[in-house]
Amino acid sequence: MGDPVTEYTARLQQQEREIRSLSAEIESLKNPQSLNPSPRLDELREENAKLKYRLNILKRSLQEEKAPCGKSMMNINQRLQEIFGEAIRASCPDLDDPPLAVTPNQQAKFGDYQCNSAMALAQMLKAKGMKVNPREIAEKIVQNLPDNELIQKTEIAGPGFINVHLKRTIVSKLLSNLLINGVQPPPLATRKKVVVDFSSPNIAKEMHVGHLRSTIIGESVSRLFEFLGYDVLRLNHVGDWGTQFGMLIAHLQDKFPDYLTVCPPISDLQAFYKESKKRFDEDEDFKKRAYQCVVRLQSKEPDFIKAWNLICDVSRREFQRVYECLDVTIVERGESYYQDLMTEVVKEIEGKGLLELDEGRKIMFVPGQSVPLTVVKSDGGYTYDTSDLAAVRQRIFDEKADIIIYVVDSGQGSHFQLVFAAAQLIGWLDPKVTRVEHAGFGVVLGEDKKKFKTRSGDTVRLMDLLEEGLKRSMDKLKEKERDKVLTPEELVKAQRSVAFGCIKYADLSHNRINDYVFSFDKMLDDRGNTAAYLLYAFTRIRSIARLANIDESTLRKAAETTEVLLDHEKEWKLGKCILRFPEILQKILDDLLLHTLCDYLYELATTFTEFYDSCYCVEKDRQTGEVIKVNMWRMLLCEATATVMAKGFDILGINPVERM
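If you're wondering where the values come from, they're calculated on a predicted model, not measured in any experiment. (Residues numbered from 1 in each chain as written. Predicted model: local features only at pLDDT ≥ 70, side-chain atom pairs only at ≥ 80, totals over all residues. Heavy atoms only, no water.)

## Looking at the overall build of the chain
Okay, so step 1: For the chain, the count of helices and strands is 23 helices and 16 strands.
Okay, so step 2: Along the three orthogonal principal directions, the C-alpha set of the chain runs to about 120 × 85 × 40 Å.
Okay, so step 3: Each of the 660 residues in the chain was classed as buried or not, and the buried ones make up 48%.
Okay, so step 4: Here the analysis covers contacts within the chain between residues at least 6 apart in sequence; of these, 73% occur between residues at least 24 apart.
Okay, so step 5: Accessible area of the chain: about 33300 Å², with a carbon and sulfur share of 49%.
Okay, so step 6: Charged side chains in the chain number 92 positive and 99 negative. The centres of these two groups are separated by 2 Å. (Helix = DSSP H or I, 4+ residues; strand = E, 2+ residues; numbered from the N terminus. Buried < 20%, exposed > 50% of the residue type's maximum accessible area, 1.4 Å probe, protein only. Contact = heavy atoms within 4.5 Å. Areas by Shrake-Rupley, 256 points an atom, 1.4 Å probe, with all protein chains shown as cover. Lys, Arg positive; Asp, Glu negative; His and termini not counted. Charge placed at Lys NZ, Arg CZ, Asp CG, Glu CD.)

Structure below.
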């Protein structure tokens, strides 16, 4: 069965055409005396009236369905796109896939949202030989707007911009819904599986500043998908296999001969790695023994597997310290996991006739790519290309992932392009079924705009950086004399919140595609778009109710009984800003650019400040400081702002504190 609204509308339009035709016929009759009403005309008019009545009932019930009655937050932009999409299709039936552009209005005097499709539609019609003024198209779109729950009125401006004014009552209801139910994501049609591959340090090497971006961005992307209801698997593709383990095991055997019975006290794995590398480069006998160790490790001899596990465990403990500081959850699945799978992969590709020999190597060319994948080296060993192919295959077929995201630096862009194209050629990956994406990112720069290094030119250890952040954060809190008003426990909580929040936010607030300059001074500044500013703003908002002696249960009760008034222009501006949260998340879901969320939170905090400066939430006696009056609807706007900010912080992996 078709859509009843569309069906009735079509019948209605057909009848109205017939009515017009019959009316014209009657008008054309010369002799008014001989005018007899056509029985067909009366019949049509009667049925037309019935159809209109039924159509209006159907439209009203559809509107009620779409009204905010569920627990989820409504994506206003998406809903407006549905409304305008219907109007555009009715206005331009000759166009396939007409353009649809609805955006929030930048200037309040022009309304709340704007539809800018008329100009693009005029261009498309012109290409088809139909010259129509964009303003006329805009007028037609407005005439064809279906009855809906959102739009109060529209105005056409300039060459054909359609300015949209929202109904204040609906915005108020949506805010009440948010206050009663919390920040609830829109319901998913199906719960999709998402694999996020991020962090990926190398065993036996320290995590350095280069791992910071992948770890922070990957964790935040995972949190976003989880909040929206997806089933997320975070994977740490650590470098835990390869020839370097031969030299590490050989060095371990020499330095700690009883390693099988007594756990070796390796505290500094970086120094241990450097010692073994020096011997490998300088001592030919040691090098030979290292290669033998690799062969025995790959043959999975128990003593060598134990040595390998010991080295991996020392690294894991170091990695875990970083992950605990940054509040990161991740499942380790290193290169070793794919060893057996790689043999199957090579067999499958070979069976499909996609490999060719090149100076002893087995390579695979992909159409449209100039560089081949090296699937098997001339010595029979596998490469990063092989393990990445095995990983894609495992994630598509075993994990049954609908979305796979690789958070790896932009320098690996062409490598992933090649791997994804190869997976398509082999027949594993269908981009219409599985979304596979490389979320690349730029490098971290020092304040000299060069790659971030220590003074001695070494790579900056991530743990050193985090400890420096803690020290600077405490200095900043003491400078503001927070140690005099907070308990020791609250002070440490605030220190960690500011230190790690600022490091994360400094990264996430930049477009990930670009390089960014790492500066503790800038990130700890409590002015401008920084975590320090937002964390202070959040604690201030949370303190408004506390200082007015309004507890959570009072606010909850008020949310159910008090209408959120939006009469003041700053109340209206704040209310609309709060409700843009779902459309911000939808945008990030599409492009994986988290700075959009940071920009939104900063806009929300500054919009709140404008509201708070103009609208009294709590009125006090100037002499005694006693609370005279509480404007509860404004307290609810404070609460709604804090609720959305808290969810935004959670997605960014930032832990705010109630007192700072």
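## A few points about the packing of aromatic side chains
Okay, so step 1: Throughout the structure, instances matching the rule amount to 14 aromatic pairs.
Okay, so step 2: Ring centres of phenylalanine 518 and phenylalanine 520 lie 5.1 Å apart, and the angle between their planes is 85 degrees; this geometry places the pair in the edge-to-face category.
Okay, so step 3: Linked through ring pairs, Tyr406, Phe416 and Phe420 together constitute an aromatic cluster.
Okay, so step 4: Lying over the aromatic face of phenylalanine 280, lysine 287 brings its terminal NZ or CZ to 5.3 Å of the ring centre.
Okay, so step 5: We note arginine 333 situated over the ring of tyrosine 337; from NZ or CZ to the ring centre the distance is 4.7 Å. (Phe/Tyr/Trp six-rings, centres within 6.5 Å; stacked < 30°, edge-to-face > 60°. Lys NZ or Arg CZ within 6 Å of the ring centre and 35° of its normal.)

## Some thoughts on the packing of helix H20 (residues 569–579) against helix H22 (residues 595–614)
Okay, so step 1: Look at H20 against H22: their axes get within 9 Å of each other, and the N-to-C directions meet at 160 degrees. The angle between H20 and H22 places the two elements in the roughly antiparallel class. As H20 runs across H22, the sense of the crossing is left-handed. Within the contact between the two elements, H20 uses Lys570, Glu571, Lys573, Leu574, Cys577 and Ile578 and H22 uses Tyr600, Glu603, Leu604, Thr607, Phe608, Glu610, Phe611 and Ser614.
Okay, so step 2: Per-class residue counts for the contact of H20 with H22 are seven nonpolar, two polar and five charged. (Axes fitted to C-alpha atoms, helices over the stretch in contact; angles between N-to-C directions. Parallel < 35°, antiparallel > 145°, perpendicular 65-115°, else oblique. Left-handed = near helix turned anticlockwise from the far one by under 90°. Nonpolar A, V, L, I, M, F, W, Y, C, P; charged D, E, K, R; others polar.)

## With respect to the environment of alanine 118
Okay, so step 1: Residue placement: alanine 118 occurs in helix H4 (residues 117–127).
Okay, so step 2: With relative accessibility at 1%, the residue alanine 118 sits in the buried group.
Okay, so step 3: With residues up to four places along the chain from it excluded, the contact list for alanine 118 reads Pro134, Ile137, Ala138 and Gly160.

## Structural notes on the nonpolar core
Okay, so step 1: Counting 170 residues, the largest nonpolar core has Leu80, Leu212, Phe225, Phe518 and Leu597 as the members making the most contacts within it.
Okay, so step 2: If you tally residues by element for this core, the top one is helix H23 (residues 632–652), at twelve residues.
Okay, so step 3: Sequence-distant contacts of leucine 80, defined by excluding residues within four places in its chain, comprise Val102, Tyr113, Leu150, Ile151, Val164 and Leu166.
Okay, so step 4: In terms of nonpolar packing, the next biggest core, distinct from the first, is built from 35 residues, Tyr338, Val366, Val392 and Val419 among them. (Core = buried A, V, L, I, M, F, W, Y, C linked by side-chain atoms within 4.5 Å.)

## Description of the pairing of strand S3 (residues 151–157)
Okay, so step 1: Of the strand pairs in this sheet, S3 and strand S4 (residues 161–166) are connected by six bridges, and their pairing is antiparallel. Bridging from a neighbouring strand, threonine 154 pairs with valine 164 of S4.
Okay, so step 2: The antiparallel pairing of S3 with S4 creates a hairpin that spans three residues between the two strands, and glycine 158 there sits at a positive phi of about 55 degrees. (Pairing = 2+ DSSP bridges.)

## A closer look at the packing of helix H19 (residues 552–561) against H23
Okay, so step 1: Running from N to C, H19 and H23 point in directions that differ by 110 degrees, and their axes come no closer than 10 Å. The pairing of H19 with H23 is recorded here as roughly perpendicular in orientation. Contact residues: Thr554, Leu555, Ala558 and Ala559 in H19; Met632, Met635, Leu636 and Glu639 in H23.
Okay, so step 2: The residue inventory of the contact of H19 with H23, partitioned by class, reads six nonpolar, one polar and one charged.

## A closer look at the pattern of salt bridges
Okay, so step 1: Throughout the structure, instances matching the rule amount to 48 salt bridges.
Okay, so step 2: Residues joined by salt bridges that share partners form a network here, namely Glu219, Arg223, Glu226, Arg234, Asp327, Lys647 and Asp650. (Salt bridge = Lys/Arg side-chain N within 4 Å of Asp/Glu carboxyl O.)

## Side note on the UniProt feature "domain: Arginyl tRNA synthetase N-terminal" (unreviewed entry) in the chain
Okay, so step 1: Mapped onto this structure's residue numbering, the UniProt feature "domain: Arginyl tRNA synthetase N-terminal" (unreviewed entry) falls at residues 78–166.
Okay, so step 2: Structurally, residues 78–166 comprises 39% helix and 21% strand, and the distance from its first C-alpha atom to its last is 14 Å. (UniProt positions renumbered as here; feature names shortened; annotations may be inferred.)

## Remarks on the environment of serine 23
Okay, so step 1: The topology assignment puts serine 23 in helix H1 (residues 4–27).
Okay, so step 2: Judged by its relative accessible area of 23%, serine 23 falls in the partly exposed class.
Okay, so step 3: Those residues in contact with serine 23 that sit more than four places away from it in its chain are Leu41 and Arg45.

## Considering the sheet that holds strand S12 (residues 435–438)
Okay, so step 1: Spatially, the five strands line up as an open sheet ordered S7-S6-S5-S11-S12, and their pairing is parallel. Two strands close off the open sheet at either side, each with one partner strand: strand S7 (331–332) and S12.
Okay, so step 2: Where strand S5 (residues 193–197) lies against strand S11 (residues 403–406), four bridges are found, and the strand directions are parallel. Note that in S11 the partner of valine 196 across the bridge is isoleucine 405.
Okay, so step 3: Lying on the sheet, helix H13 (residues 384–397) is in contact with S5, strand S6 (231–236) and S11; it crosses S11 at an angle near 150 degrees.
Okay, so step 4: Sheet contacts for helix H14 (residues 413–426): S11 and S12; angle to S12, the most-contacted strand, approximately 160 degrees.

## Comments concerning the pairing of strand S9 (residues 361–364)
Every regular strand shows the same layout, with side chains that alternate between the two sheet faces.
Okay, so step 1: Alignment of strand S8 (residues 356–358) against S9, held across three bridges, turns out to be antiparallel. Across the sheet, aspartate 358 pairs through a bridge with arginine 361, a residue of S9.
Okay, so step 2: In textbook terms, the turn of a hairpin is the stretch between consecutive antiparallel strands, and for S8 and S9 this stretch comprises two residues, one of which, glutamate 359, has a positive phi near 50 degrees.

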